[in-house]
Amino acid sequence: MSDLMPEPAAVPGEQERTTGPAPDPAAPAPLGVVRTPTGNAEVDARLERLADADHLPADGHIEVYEDVHGGLRDALTALDARPAPAPVPAPMPSYNNRS
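Residues numbered from 1 in each chain as written. Predicted model: local features only at pLDDT ≥ 70, side-chain atom pairs only at ≥ 80, totals over all residues. Heavy atoms only, no water.

Moving on to the overall build of the chain. Of the regular secondary structure elements, the chain holds three helices and zero strands. From first element to last, N terminus to C terminus, the chain shows the α and β order α-α-α. Counting only residues that meet the buried cut, the chain has 12% of its 99 residues in that class. Summarising the internal contacts of the chain: among those between residues at least 6 apart in sequence, 35% fall at separations of at least 24. In the form shown here, the chain has an accessible surface area of approximately 9,000 Å², with 60% of it arising from carbon and sulfur atoms. (Helix = DSSP H or I, 4+ residues; strand = E, 2+ residues; numbered from the N terminus. Buried < 20%, exposed > 50% of the residue type's maximum accessible area, 1.4 Å probe, protein only. Contact = heavy atoms within 4.5 Å. Areas by Shrake-Rupley, 256 points an atom, 1.4 Å probe, with all protein chains shown as cover.)

Okay, here's the thing in structure tokens:
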């Protein structure tokens, strides 16, 4: 260091922390995010799919996120879809007795 900036004092245990192997920042690690069930089986299945990202490296997350996003979007779209109109019953034949 320079004369203007003195070297920091050694902190006990500092040497031990910096000389060990550095953790691999790219290694997959679970985020520990709790997924609370919604009660909708389709949505819950998509949310559970997010757990697959916990075991993938970061560059593999996008595939999982896109899959989950697409499934949730489809589930929401299905809620907005209007049900098909009920079939109109055929008219009953009329019997006129005009004799």
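Below, the discussion takes up the packing of helix α2 (residues 41-49) against helix α3 (residues 58-80). Packed helices, taken two at a time, are described by the angle between their axes plus the distance between the axes. Running from N to C, α2 and α3 point in directions that differ by 170°, and their axes come no closer than 9 Å. The pairing of α2 with α3 is recorded here as roughly antiparallel in orientation. On α3, the residues touching E42, V43, R46, L47 and R49 of α2 are V64, D67, V68, G71, L72 and A75. When grouped by side-chain class, the residues that make up the contact of α2 with α3 number six nonpolar, one polar and four charged. (Axes fitted to C-alpha atoms, helices over the stretch in contact; angles between N-to-C directions. Parallel < 35°, antiparallel > 145°, perpendicular 65-115°, else oblique. Nonpolar A, V, L, I, M, F, W, Y, C, P; charged D, E, K, R; others polar.)

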